[in-house]
Number of protein chains: 2
Amino acid sequence: MRRLRPVALPDLRLTDGFWTRWQLVVADRALPLQFAQLEKTGRLENFRRVTRGDPGGYEGYFFNDSDVYKWLEAAAYAQTRYPSVVLSGLIDEVVGLIVAAQEEDGYLNTYFQLGHPGLKWRNLVSLHEMYCAGHLIEAAVALKESLGEARLMGPAIRFADLILSRYGSGGQIGYCGHEEIELALMRLAYTTGNDAYRDLAIRMVEARGQRPSLFQFELDDEEAMTLSPFARGMMSRNGEYSGEYSQDHLPIREHSEVLGHAVRAMYLYAAAAQIDDSALQAALKRCWENLTSRRMYITGGIGPSASNEGFTADFDLPNLTAYAETCAACGLIFWGLEMLAATADSEYADVVELALYNAALAGISLDGERYFYTNPLESRGNDERKEWFACACCPPNVARLIGSVGRYLASVREDDFFIHIPAAFEAKHVADGVDVLVRLESDYPWSGAAKIFVEPAEPVEFALYLRIPGWATDVETVLPGGQEADFEKGYAVFRRVWEKGSVLAVNFVMEPRWVECDQRVRDNLGRVALTRGPLVYCAESSDLGFAPQLLSVDPSLPVAAEAGFGGTTALVVDALAQPETVINHLYADVDPVQGNRVGATFIPYFAWANRGESDMQVWIRSV
Amino acid sequence: MRRLRPVALPDLRLTDGFWTRWQLVVADRALPLQFAQLEKTGRLENFRRVTRGDPGGYEGYFFNDSDVYKWLEAAAYAQTRYPSVVLSGLIDEVVGLIVAAQEEDGYLNTYFQLGHPGLKWRNLVSLHEMYCAGHLIEAAVALKESLGEARLMGPAIRFADLILSRYGSGGQIGYCGHEEIELALMRLAYTTGNDAYRDLAIRMVEARGQRPSLFQFELDDEEAMTLSPFARGMMSRNGEYSGEYSQDHLPIREHSEVLGHAVRAMYLYAAAAQIDDSALQAALKRCWENLTSRRMYITGGIGPSASNEGFTADFDLPNLTAYAETCAACGLIFWGLEMLAATADSEYADVVELALYNAALAGISLDGERYFYTNPLESRGNDERKEWFACACCPPNVARLIGSVGRYLASVREDDFFIHIPAAFEAKHVADGVDVLVRLESDYPWSGAAKIFVEPAEPVEFALYLRIPGWATDVETVLPGGQEADFEKGYAVFRRVWEKGSVLAVNFVMEPRWVECDQRVRDNLGRVALTRGPLVYCAESSDLGFAPQLLSVDPSLPVAAEAGFGGTTALVVDALAQPETVINHLYADVDPVQGNRVGATFIPYFAWANRGESDMQVWIRSV
């Protein structure tokens, strides 16, 4: 299998006005504020307590170490693009704390070290022990690859080796209730060249869902379970062990629908998608199809239910109560990229782009100071972003996503170069030993026009793959030398000898589009949503002056684009607004009133809830 | 204050086809099956264990005794109307079990007697100790008043006296986390003539919500709280004691909105409405207004939220997830009757009628064998009635409601006779010492036409008050001797000397009506509901052959009434049905398709979910 590989982050420089602004906001505002929260909430102090030999007194949730590691990964990406002395100092400090807290044998988890040393490895089902280890490993790899800062690599490898010694081939397998270690081991194997890590990841992926389940044994360990009183309930269905919550319900090769905790499912599948096995890939395609054709919000948000932070049933996509966790959108993006890497099929890039520009990005405020954990598609004015959460997985996750967004724009496959998302960047590429600079200019996502400059050091043949976005109904291209493109799995392919000064101009015509939903999603019957390019739009009372639930629209009327707040493009729609009438005692005989004709402003979904309390709606009633 | 009093149940004989069928179903099917459940689930065995002196081994929830008492009350009513040797034997058996289990000092609560004798009276906040006592008292009174069976009166009085000795005037006050004892003590005072019970009920009503709260002290009793680990959470808001869940947030005179657990709130207010105090009545009117103009479903269902089984915020009335507990509808009916009794204002009778014919009655299947605990206004096919519940408050509550429905049809106020609901009945009345038979003939709720025959033993003057239903837009009356009615608080008043053979004919013209909702209820925007007379209608896939969510209706088109299943009147509507199209990957450009014109059958809401799994909807999209 010839997989697509991301361009190494240091080799891809974003020049895109949209993403560079986000990366700057994350580097300048989000990461220093997140660091302050890590300190204030005892997450860093937990490491110091271990180093001091100060047992007890662990603060916070059992998985809080992972927030530190994820922050570090995000900081590594930020520092690559926007080096700052302040952030550099913070990174140093955190790396030092981590290194100091590690035990002789490589073990590192302050929750267990401080309060429960006797329970290590006995409650994998609930206590995120290897989930935390995974994020340590990812942080170490990110620091090394992005900044050349290798101080955490040794500790990460020692911890990985400890896990390998426990669960490596030949012995008893162990895997974590919350997937992540699999992704980390894959990444560590790639960086170190040591395939033992990858083999262990594969063992973990395949062991999950086998019977008897490791978790079933663990749930009988009364002492270990005192730390997670809800574990049995979460892992059961109708009083029987099911394992769905942690994707332990069936061996992965038998999966055909997405179940349980959404982030966990995404991380599992993102790891599994890296395994070259046709039966496994077939299972992943079934799950992908189930997710994207039956269980995904139009924003790319996934996992509608709060009770399991995850999946429910086909076509169950309530808007007001949508959970659609920010981390789940990140997870979908991770998985999508791996499916894209395995298949080079633009279907996956379409979903990656959708979740990236909508569901995931809605998780952070425009100023980088506040976050959404859940991302509903309707609000009645009582949703606001928070500075932090007791369970703070989302803020550093969206920060590392933004920091590494280049990964989703372009890839290489041997000599060939893939452009998935036409945001502006400059990338170093090597084709047949020849250095090539690929430069893309655009105003994406506000315009679908782009120019791609290919600058080889000397003439060299390779193929440039350019994704035709799924949303594009009309594509205009001016090809170098009038060459006709080939088309392959949703990509326009230009295979030729590239010379200096080659310019490919393309225009994915970006008109506002009214979209409807499959009628099996009962919540969206009689409703339409407005999109433009990769962006889903919503209406907010901040613009309208009244609740958007009172709007109804006629999708046949024209929609105008205009400059919106915060550098966005807003859309103005000719709509009907129901007057705000009040009925005595709630119910009355129908009294048809004509709505008021208004020009209703819609804004990108990711930008909602940035101007104080606001009612919001994505799916608008259609007349 | 001249209060309305119900006609004593034995003096009011229902002849109404609608309610006699329900009463027969309850007597014949529901009560024997409920008895079998009481036995099967250990509810009766708990009493036997106490009598045997067999400590430990209590089965079920701590409030399970109350289900036995409520069954007994329902059985007393049923036996009055449809005497059966079988039911008589069961009543005897249950009365015997109860009598035998009582302690010397009058105490009776098998949960505490069997497992926690040391914790009596120490966890009033959570353990329903006096709630159970209240239902014992109500059962005793019902048995005596309906059947002349007085064996439980002594035990009930002894228990009441024990409570009186603990919490009567002068000493420390105690009240129960779940209101009910107040209603029972009021009823016991009325039956026995001993006002000490009423005074204690008033003390309890007034003590609730004072600070410091009794419950706050209790919550610090660690030993007692081990039995109710969630009590602190339920009684708190943002980490502080609030008491809202049990209406302990403010003294009742300061209440202005309905809060917390819906059944509890209704029972409190039903008791308080029996107290003749203008400031208290003003508070109750504020709460009533809040409830009926901002927090009540069109069915009369109340309490939208599962998490507190109760109230949330104004205009928060989701249809699909509506909790709308059957018992809460019963409670609203109880409260409404007391407000009506205090004011003689038909506004209260309107709501009583609404909740009775819709929200409450939906709680039991047409065959009397299955129940709904929650009563949503939309279903996507996964709601079905159950034979019983672990928490089984609703089945016996709806059974006792149906058995005592006569209470809601007519009342007396000294010599005057009130007809609230024109269902057919015969009632014995005494005016100025003269026996009067009042007989009403109708086919309510299927027709609004009624004839009222007034048969005095000799000519006698009194006023007949006839409610003009709030739903009636057109009233035709043929008055005896051409007399003009006076109108008073929504009642047509006929004051005259009645003679033998007086007949009053009335027709409340009963046309189908499309109703809309105040736009602040966002869930119902763009939607209409169909009603006819006191009944709210819904559409079910059982009739349509497809989900009613696909329907849209034009409220200006005519609606036809026709005979429906199970003796109901169905309504047939000229509607548009969206074709069941499937969209690849859920979302697609809007493609306007013409709906199919169909004749859509609507059925009374109370009759839904009686023909297998079905999608259902009350609020239909309007074109």
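Asker: Account for the overall build of chain A, with residues named and values stated.
Answerer: Of regular secondary structure, chain A possesses 18 helices and 25 strands. Its C-alpha atoms give chain A a radius of gyration of 25 Å, near enough to 25 Å, the size a compact globule of 623 residues would have. Considered along the principal axes of its C-alpha atoms, chain A spans approximately 75 × 70 × 50 Å. Every one of the 623 residues in chain A was classed for burial, and the buried ones make up 63%. A sequence separation of at least 24 residues applies to 70% of the contacts in chain A between residues at least 6 apart. Separation of charge centres in chain A, based on 55 positive and 85 negative side chains, amounts to 1 Å.

Asker: Describe in detail the interface of chain B and chain A, supporting the description with residues and values.
Answerer: The partner chain A presents 46 residues to the 46 residues of chain B that form the contact. Of the roughly 3900 Å² buried between chain B and chain A, counting both surfaces, carbon and sulfur atoms make up 53%. The largest contributions to the chain B side of the interface with chain A come from R522, L586 and Y587 of chain B, which together make up 19% of the buried area. Remark: the boundary between chain B and chain A carries 4 salt bridges. Linking chain B with chain A are 19 residue pairs in polar contact (both at pLDDT 80 or more). Among the residues forming the side of chain B that touches chain A, the class breakdown is 22 nonpolar, 9 polar and 15 charged.

Asker: Outline the sheet that holds strand 6 (residues 410-413) of chain B, supporting the account with residue identities and numerical values.
Answerer: Each strand in a sheet pairs with its neighbour through backbone hydrogen bonds, running either in the same direction (parallel) or in the opposite one (antiparallel). Residues and elements named next belong to chain B. Taken in spatial order, the 6 strands make up an open sheet running 1-6-7-11-14-13, and their pairing is mixed. The sheet is open, and its two edges are formed by strand 1 (5-6) and strand 13 (486-488), each paired on a single side. Seen against the sheet, helix 16 (residues 346-360) touches strand 11 (460-467) and strand 14 (491-498) and runs at an angle of roughly 55° to strand 11.

Asker: Tell me about empty space enclosed by the protein, and please be specific about residues and values.
Answerer: Residue and element names in this part refer to chain B. Taken as a whole and assessed by the stated rule, the structure comprises 2 cavities of 30 Å³ or more. As a volume, the largest cavity reaches approximately 40 Å³. Lining the largest cavity are Q23, V26, Y77, A78, R81, Y82, I402 and G403. Of all the elements in the fold, those that place two or more residues in the lining of the largest cavity are helix 1 (17-40), helix 3 (64-81) and helix 17 (394-403). Per-element accounting of the lining of the largest cavity gives the leading share, 3 residues, to helix 3. Within the lining of the largest cavity, the residues separate by chemical class into 5 nonpolar, 2 polar and 1 charged. Within this model, the second largest cavity holds a volume of roughly 30 Å³. Lining the second largest cavity, in full, are W471, T473, V509, E511, R513 and G533. Of the residues assigned to the lining of the second largest cavity, the class counts are 2 nonpolar, 2 polar and 2 charged.

Asker: With reference to specific residues and values, describe unusual backbone geometry.
Answerer: With an omega of -5°, the peptide bond between R211 of chain B and P212 of chain B qualifies as cis. The amide bond that connects Y444 of chain B to the next residue, P445 of chain B, takes the cis arrangement and shows omega of 0°. Its location among the elements puts P445 of chain B in the loop between strand 9 (434-442) and strand 10 (449-456). Unlike most non-glycine residues, N238 of chain A shows phi in positive territory, near 50°.

Asker: So what about the confidence of the model for chain A? Which residues, and what values?
Answerer: A low pLDDT score tells you not to read the predicted coordinates there in detail. Residues with a pLDDT of 70 or more make up 100% of chain A, whose mean pLDDT is 96. The ipTM, which scores confidence in the relative placement of chains, is 0.93 for this predicted complex, and the corresponding pTM is 0.95.

Asker: Explain the packing of aromatic side chains residue by residue, including any values.
Answerer: According to the stated counting rule, one finds 72 aromatic pairs over all chains in the structure shown. Stacked on the ring of Y465 of chain A, the Lys or Arg R413 of chain A has its end atom at 5.5 Å from the ring centre. A cation over an aromatic ring shows up here: R611 of chain B above the ring of F565 of chain B, its NZ or CZ 3.8 Å from the ring centre.

Asker: Tell me about helix 1 of chain B, and name the residues and values.
Answerer: Here helix 1 of chain B spans 33 Å end to end across 24 residues, near enough to the 34 Å set by a 1.5 Å rise per residue. At V26 of chain B, helix 1 of chain B shows its maximal bend, which comes to roughly 40°.

Asker: Any chance you could break down the pairing of strand 11 (residues 460-467) of chain A for me, citing the residues and the numbers?
Answerer: Residue and element names in this part refer to chain A. Counting buried positions over the 8 residues of strand 11 gives 7, a clear majority of the element. Bridge count for strand 7 (residues 416-419) against strand 11 is 3 bridges, and the pairing is parallel. Opposite F417, over in strand 11, you have L464 as the bridge partner. With 8 bridges joining them, strand 11 and strand 14 (residues 491-498) adopt antiparallel strand pairing.

Asker: I'd love a proper account of the sheet that holds strand 9 (residues 434-442) of chain A, names of residues and values included.
Answerer: Residue and element names in this part refer to chain A. Spatially, 2-8-9-10-15-12 is the arrangement adopted by the 6 strands of the open sheet, whose pairing is antiparallel. Every interior strand has two partners, whereas the edge strands, strand 2 (12-14) and strand 12 (475-478), have only one. Pairwise comparison of adjacent strand axes, ignoring direction, gives a mean angle of 20° for this sheet. Bridging between strand 10 (residues 449-456) and strand 15 (residues 502-508) involves 6 bridges; their strand directions are antiparallel. Note that in strand 15 the partner of I452 across the bridge is L504.

Asker: Lay out the nonpolar core in plain terms, naming residues and giving numbers.
Answerer: Grouped together as the largest cluster of nonpolar side chains are 241 residues, with contacts concentrated most on W19, W71, M266, W335, F417, F425 and F602 of chain A. It is helix 15 (residues 326-343) of chain A that provides the largest number of residues to this core, a total of 12 residues. With residues up to four places along the chain from it excluded, the contact list for W71 of chain A reads L31, Q34, F35, L38, L87, L90, I91, V94 and P396 of chain A. Residues Y111, A142, F494 and A575 of chain B belong to the second largest nonpolar core, which totals 237 residues.

Asker: Give me the lowdown on a negative patch on the surface, citing residues and values where you can.
Answerer: The grouping of D415, D432, E458 and E461 of chain A at the surface amounts to a negative patch. Note on placement: D432 of chain A falls in the loop between strand 8 (425-431) and strand 9.

Asker: Would you mind going over the packing of helix 7 (residues 153-167) of chain B against helix 9 (residues 195-207) of chain B in detail, with residue names and values included?
Answerer: All names here are of chain B. The N-to-C vectors of helix 7 and helix 9 enclose an angle of 50°; their axes lie 11 Å apart at closest approach. Relative to helix 9, the element helix 7 is oriented oblique. Of the two possible hands of crossing, helix 7 and helix 9 adopt the one that is left-handed. The segment helix 7 lies against helix 9, with I157, A160, D161, I163, L164 and Y167 engaging A196, Y197, L200, R203 and M204.

Asker: Give me the lowdown on the packing of helix 2 (residues 43-52) of chain A against helix 3 (residues 64-81) of chain A, citing residues and values where you can.
Answerer: All names here are of chain A. Packing of helix 2 against helix 3 brings their axes to within 8 Å, and their N-to-C directions diverge by 105°. In this view, helix 2 runs roughly perpendicular relative to helix 3, as classed from their interaxial angle. Contacts between helix 2 and helix 3 pair R43, L44 and F47 from the former with N64, D65, D67, V68 and Y69 from the latter. Within the contact of helix 2 with helix 3, the residues separate by chemical class into 4 nonpolar, 1 polar and 3 charged.

Asker: How would you summarise the relation of the copies chain B and chain A if you had to cite specific residues and measurements?
Answerer: Two copies of one chain are present, and they are related through a rotation about an axis combined with an axial shift. Between chain B and chain A, which share one sequence, the superposing operator has a rotation angle of 180° and an axial displacement of 0.0 Å; the RMSD is 0.0 Å. Both copies are brought into coincidence by an operation consistent with a two-fold rotation axis. Distance from the rotation axis, computed per C-alpha, reaches its smallest value in chain B at V623 of chain B: 3.7 Å. Counting the interface residues of chain B, we find that 100% of their copies in chain A are interface residues as well, pointing to one common contact surface.

Asker: Now, about the pattern of salt bridges: what can you tell me, with residues and values included?
Answerer: Within the structure shown, the criterion is met by 80 salt bridges over all chains. Here E206 of chain B and R253 of chain B are joined by a salt bridge, their closest N and O atoms 2.7 Å apart. Taken together, the positions of E206 of chain B in helix 9 and R253 of chain B in the loop between strand 4 (240-241) and helix 13 (262-272) put the pair 47 residues apart, joining distant regions of the chain. A single network of salt bridges, built from pairs that share partners, joins E39, E45, R48, R52, D54 and E93 of chain A.

Asker: Give me the lowdown on helix 7 (residues 153-167) of chain A, citing residues and values where you can.
Answerer: Residue and element names in this part refer to chain A. Here helix 7 is 15 residues long and its end C-alpha atoms lie 20 Å apart, about the 21 Å a rise of 1.5 Å per residue gives. Regarding helix 7, the residues found buried are M153, P155, A156, F159, A160, L162, I163, L164 and Y167. The elements touched by buried residues of helix 7 are helix 4 (85-101), helix 6 (129-147), helix 8 (181-192) and helix 9 (195-207).

Asker: Please give an account of the side chain of R621 of chain A that cites residues and values.
Answerer: Looking at the element boundaries, R621 of chain A is found in strand 25 (residues 620-622). Notably, R621 of chain A is buried but unbridged: the nearest opposite-charge side chain belongs to E378 of chain A, and the N-O separation is 9.2 Å. Side chain to side chain, R621 of chain A and Q578 of chain A meet in a polar contact 3.4 Å long. When neighbours within four sequence positions are excluded, R621 of chain A is seen to be in contact with G526, R527, Q549, L550, L551, S552, V553 and Q578 of chain A together with L525 and G526 of chain B.

Cut-off values and rules
Residues numbered from 1 in each chain as written. Chains lettered and ligands numbered in written order. Predicted model: local features only at pLDDT ≥ 70, side-chain atom pairs only at ≥ 80, totals over all residues. Heavy atoms only, no water. Helix = DSSP H or I, 4+ residues; strand = E, 2+ residues; numbered from the N terminus. Rg over C-alpha atoms; globule rule 2.2 N^0.38 Å. Buried < 20%, exposed > 50% of the residue type's maximum accessible area, 1.4 Å probe, protein only. Contact = heavy atoms within 4.5 Å. Lys, Arg positive; Asp, Glu negative; His and termini not counted. Charge placed at Lys NZ, Arg CZ, Asp CG, Glu CD. Buried area = accessible area lost by both parts, 1.4 Å probe. Salt bridge = Lys/Arg side-chain N within 4 Å of Asp/Glu carboxyl O. Polar contact = N/O pair within 3.5 Å; in protein donor to acceptor, adjacent residues only side chain to side chain. Nonpolar A, V, L, I, M, F, W, Y, C, P; charged D, E, K, R; others polar. Pairing = 2+ DSSP bridges. Axes fitted to C-alpha atoms, helices over the stretch in contact; angles between N-to-C directions. 1 Å grid on protein atoms, 1.4 Å probe; cavity = no way out; pocket = protein on both sides within 12 Å on 5 of 7 lines; lining within 4 Å. Points joined across faces, edges and corners; volume = space filled by probe spheres on them. pLDDT = per-residue confidence, 0-100. Phe/Tyr/Trp six-rings, centres within 6.5 Å; stacked < 30°, edge-to-face > 60°. Lys NZ or Arg CZ within 6 Å of the ring centre and 35° of its normal. Expected span 1.5 Å × (residues − 1). Bend = angle between axes of the 7 residues up to and from the residue. Core = buried A, V, L, I, M, F, W, Y, C linked by side-chain atoms within 4.5 Å. Patch = residues over 30% accessible without salt bridge, like charges linked within 9 Å, V, L, I, M, F, W, Y side chains within 5 Å. Areas by Shrake-Rupley, 256 points an atom, 1.4 Å probe, with all protein chains shown as cover. Parallel < 35°, antiparallel > 145°, perpendicular 65-115°, else oblique. Left-handed = near helix turned anticlockwise from the far one by under 90°. Least-squares fit on C-alpha atoms with pLDDT ≥ 70 in both.

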